[in-house]
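Survey of secondary and tertiary structure
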Amino acid sequence: MALTVVLQGDYAGAKPLYERAIEIGEKTLGPNHPNLAIRLNNLAGLLEAQGLYTQAKPLYERAIEIDEKALGPDHPDLATALNNLAELLRAQVGC
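Our subject in this report is the structure included herewith. (Residues numbered from 1 in each chain as written. Predicted model: local features only at pLDDT ≥ 70, side-chain atom pairs only at ≥ 80, totals over all residues. Heavy atoms only, no water.)

With that settled, the discussion passes to the overall build of the chain. The helix and strand inventory of the chain stands at five helices and zero strands. For the chain, the succession of helices and strands along the chain, N to C, is α-α-α-α-α. Here the C-alpha radius of gyration of the chain, 13 Å, is about what a compact globule of 95 residues would show, namely 12 Å. Taken along the three principal axes of its C-alpha coordinates, the chain extends 35 × 35 × 20 Å. (Helix = DSSP H or I, 4+ residues; strand = E, 2+ residues; numbered from the N terminus. Rg over C-alpha atoms; globule rule 2.2 N^0.38 Å.)

Turning to the nonpolar core, a few remarks are in order. Of all hydrophobic cores here, the largest spans 20 residues; its most connected members are Leu-40, Leu-43, Ala-56, Leu-59 and Tyr-60. Listed by contribution, the elements that provide at least two residues to this core are α2 (11-28), α3 (34-49), α4 (53-71) and α5 (76-92). When residues in this core are grouped by element, the largest group, seven residues, is from α3. Beyond its immediate chain neighbours, meaning those up to four positions away, Leu-40 contacts Ile-22, Leu-59, Arg-62, Ala-63 and Ile-66. (Core = buried A, V, L, I, M, F, W, Y, C linked by side-chain atoms within 4.5 Å. Buried < 20%, exposed > 50% of the residue type's maximum accessible area, 1.4 Å probe, protein only. Contact = heavy atoms within 4.5 Å.)

As a further point, take the packing of α4 against α5. In the contact formed by α4 and α5, the axes pass within 9 Å of each other and the chain directions differ by 160 degrees. Here α4 is positioned roughly antiparallel relative to α5, judged by the angle of their axes. Of the two possible hands of crossing, α4 and α5 adopt the one that is left-handed. Where α4 abuts α5, its residues Tyr-53, Ala-56, Lys-57, Tyr-60, Glu-61, Ile-64, Asp-67, Glu-68 and Leu-71 lie against Asp-77, Leu-78, Ala-81, Leu-82, Asn-84, Leu-85, Leu-88, Leu-89, Ala-91 and Gln-92. When its residues are assigned to classes, the contact of α4 with α5 shows 12 nonpolar, two polar and five charged. (Axes fitted to C-alpha atoms, helices over the stretch in contact; angles between N-to-C directions. Parallel < 35°, antiparallel > 145°, perpendicular 65-115°, else oblique. Left-handed = near helix turned anticlockwise from the far one by under 90°. Nonpolar A, V, L, I, M, F, W, Y, C, P; charged D, E, K, R; others polar.)

Taken by themselves, the reported measurements are silent on function.
Laid out in C-alpha cells, this is it:
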C-alpha cells in the first residue's frame, strides 16, 4: 500500500504507512529482525526522495546495524543497505 501511495506521488500519505509498518514490525518481529531493516530502508528512501537527508540517515544506519547482526557481514541485503546509505551521502554533497 505505501509503495502504491509513493508511486502516486503522495509522500505525505506514504510516510505514516511506513511508520506504522515499522511499529508493527518492532512489536511482532522484535527490534533486530531483518524484515524490520527492510521497512526502515523503505522509510529512509521516502525521506531521501524528499531531500530529508538528516532524517533518512539514522534509519539507514539502523537498518545496516540490524542486517549486520542478523544476516552477517557478507549478506546481499547488507550490501543493499550499505549502498543506500552511500547514495544518501553522495546526494548530500551534490555529486
